[in-house]
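# Coordinates in review
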Amino acid sequence: MLDVGQTLKRYMDKVIGPVEDEMRLVLGGTTERPRNLLEGMIHYHMGWRNAEMSQVTGPGGKRIRPVLCMLVTAGSGGDWEDAIPAAAAIELLHNFSLIHDDIQDASPTRRGRPTLWKLWGVPHAINAGDCLFALAHGAMYRLSARGVDAQRALRAARRFDETCVDLTHGQFNDMDFEVRAEVSVSEYLAMIDGKTAALLALCGELGALIAGVEEGTVLHYANFARDLGLAFQVKDDILGIWGKEDEIGKSAATDIATRKKTLPVLYGLSESTRLQELYRLRENGSDFVEEVIAELDAVGARSFARRQAERYSHSALEHLEAANPTGEAGIALLELSNLLLNRQA
Ligand code: IPE
Ligand code: IPE
Ligand code: MG
Ligand code: MG
């Protein structure tokens, strides 16, 4: 799915298997059949089972976050294996957020397959998300068992919980903006900082924390990963409007139908009175999506958003340079950044 550089590929081949094993252990995913439907639904979402509960391989997502976390540990002189529990916990938290996000966004497709709520209904999908959220915390407890110093493990667990709060605020605002008439660009940035960048920042922060580097370097890694997350989300917003359905694994243009105030839309609203009119009307007309996209194209909203993504990309790479990761992991980190930042949008 990803066109990765050579050093990154070598790393991914080495580290993804152990994280996957760790997640399976935490989620009871090692047996032929799930113990019950709730567990099976979680395994389905993780890409380990199909809807009939047979074991399959993928699609389970790109696993960017755990790779990022472990690469930061290795690049800052630590042992990447120490970071496995945190990397697994972060990926599980990310997957929990996607289950609830698909309900909140009414998204029928994720990673090219029907979403949990589409297959098993909203109440069951909420429970599967809740269960995964709790199990993600369980994964964090395994840090000390791996020999990470207790104080460091406790600080990591506290930051994990604080990030859950940031994420929820971000998701709340994302929904709230759909019904609010006026949203500023800075409010939008704070929102994506919460819903997406905070979790990426946590990958950088915990990766560095586990390696035991000095505070200034921890901060550079966190900011590097945060900016990477901001650029990534802006690109995701662009793809959410102009991406091809078979390439992005989810239905295109639902962001427009649900009136998401993403960056291209905010820019469009500031530039076009026609767009303001369309968004003022309470009901969506049947050609609402087409009309909105045509107007966004006309005012150059896509290139505006691309330029903003570029700004964050640049800042991310400056922080990475300041953090100065060493060895092969350093090269792999640069390759991972380029991969995320060059995603066509
Ligand atoms: C999707 O993240 C949600 C956003 C933050 C835009 P990813 O694109 O990393 O999702 P998967 O895990 O690879 O499917
Ligand atoms: C991404 O939300 C962030 C979280 C899931 C917390 P989006 O709603 O923007 O992402 P996609 O487009 O559904 O992946
Ligand atoms: Mg959402
Ligand atoms: Mg969504």
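That block above? That's the structure.
Residues numbered from 1 in each chain as written. Chains lettered and ligands numbered in written order. Predicted model: local features only at pLDDT ≥ 70, side-chain atom pairs only at ≥ 80, totals over all residues. Heavy atoms only, no water.

Moving on to the coordination of the magnesium ion (ligand 4). Metal coordination angles in their ideal form are 109.5 degrees for the four-donor tetrahedron and 90 or 180 degrees for the six-donor octahedron. For the magnesium ion (ligand 4), the protein coordination sphere consists of Asp101 (OD) and Asp105 (OD), at 2.1 to 2.2 Å. The distance between the magnesium ion (ligand 4) and the magnesium ion (ligand 3) is 3.2 Å, with Asp101 acting as a donor to both metals. Note on Asp101: relative accessible area 12%, which makes it buried. (Donors = N, O, S within 2.8 Å, 3.2 Å for Na, K, Ca; no water. Buried < 20%, exposed > 50% of the residue type's maximum accessible area, 1.4 Å probe, protein only.)

Okay, the environment of Gln104 next. Along the chain, Gln104 falls in helix H4 (residues 84-104). With relative accessibility at 37%, the residue Gln104 sits in the partly exposed group. Taking the C-alpha atoms as reference, Gln104 lies 7.7 Å from Met175; in sequence the two are 71 residues apart. If we skip the residues at most four places from it in the chain, Gln104 touches Gln171 and Met175. Within the structure, the side chain of Gln104 is placed 3.2 Å from the side chain of Gln171, a separation counted as a polar contact. (Helix = DSSP H or I, 4+ residues; strand = E, 2+ residues; numbered from the N terminus. Contact = heavy atoms within 4.5 Å. Polar contact = N/O pair within 3.5 Å; in protein donor to acceptor, adjacent residues only side chain to side chain.)

Taken together, Gly61, Lys62, Ile64, Arg65, His94, Leu98, Arg111, Thr196, Phe232, Gln233 and Asp236 make up the full set of residues near ligand 1. In this structure, an oxygen atom belonging to ligand 1 sits 2.6 Å away from a side-chain N or O atom of Lys62. One nitrogen or oxygen atom from the side chain of His94 is found 2.8 Å from an oxygen atom belonging to ligand 1. Contact with the protein chains removes 88% of the 400 Å² of surface that ligand 1 exposes when unbound. Elements with a minimum of two residues in the shell around ligand 1: helix H3 (64-75), H4 and helix H10 (215-242). Ranked by residue count, the leading element in the shell around ligand 1 is H10, at three residues. (Near = heavy atom within 4 Å. Areas by Shrake-Rupley, 256 points an atom, 1.4 Å probe, with all protein chains shown as cover.)

We now examine the pattern of salt bridges. As enumerated under the stated definition, the model contains 22 salt bridges in all. Of the charged contacts in the structure, one is a salt bridge between Arg63 and Glu91, with a shortest N-O distance of 3.3 Å. One end of the pair, Arg63, is in the loop between helix H2 (37-46) and H3; the other, Glu91, is in helix H4, with 28 residues separating them in the sequence. Assigned by exposure class, Arg63 and Glu91 land together as buried. Arg159 is the salt-bridge partner of Glu205, the closest N and O atoms lying 2.9 Å from each other. Pair noted here: Glu205 is in helix H9 (residues 185-211) and Arg159 is in helix H8 (residues 150-179), with a separation of 46 residues, a long-range link. Residue class for Glu205 comes out buried when judged on its relative accessible area of 10%. When salt bridges with common partners are traced through the structure, they connect Asp105, Asp174, Glu178, Lys195 and Lys260 into a single cluster. (Salt bridge = Lys/Arg side-chain N within 4 Å of Asp/Glu carboxyl O.)

Below, the discussion takes up the coordination of the magnesium ion (ligand 3). Listed as protein donors to the magnesium ion (ligand 3) are Asp101 (OD) and Asp105 (OD); their distances from the metal cover 2.1 to 2.2 Å. Take Asp105: its relative accessible area is 12%, and that puts it in the buried class.

Turning our eyes to something else, we now look at the side chain of Ser107. By the secondary structure assignment, Ser107 is in the loop between H4 and strand E1 (109-110). For Ser107, the contacting residues outside a window of four places in its chain are Asp102, Thr115 and Trp117.

Attention shifts here to the nonpolar core. One broad trend across soluble globular proteins is that nonpolar side chains are buried collectively. Core analysis: the largest hydrophobic core is formed by 107 residues, its most contacted members being Leu68, Leu71, Leu92, Phe160, Phe224, Ile256 and Leu296. Not counting chain neighbours up to four residues away, the residues in contact with Leu92 comprise Met23, Val26, Leu27, Met46, Leu132, Leu135, Ala136 and Ala139. (Core = buried A, V, L, I, M, F, W, Y, C linked by side-chain atoms within 4.5 Å.)

So, about the packing of helix H13 (residues 263-271) against helix H14 (residues 273-280). Two elements in contact, H13 and H14, have axes whose closest approach is 6 Å; the angle formed by their N-to-C orientations is 115°. Classed by the angle they form, the pair H13 and H14 counts as roughly perpendicular. Of the two elements, H13 crosses H14, and the hand of that crossing is left-handed. Together, Val265, Gly268, Leu269 and Glu271 of H13 and Thr273, Leu275, Gln276 and Tyr279 of H14 make up the contact between the two elements. (Axes fitted to C-alpha atoms, helices over the stretch in contact; angles between N-to-C directions. Parallel < 35°, antiparallel > 145°, perpendicular 65-115°, else oblique. Left-handed = near helix turned anticlockwise from the far one by under 90°.)

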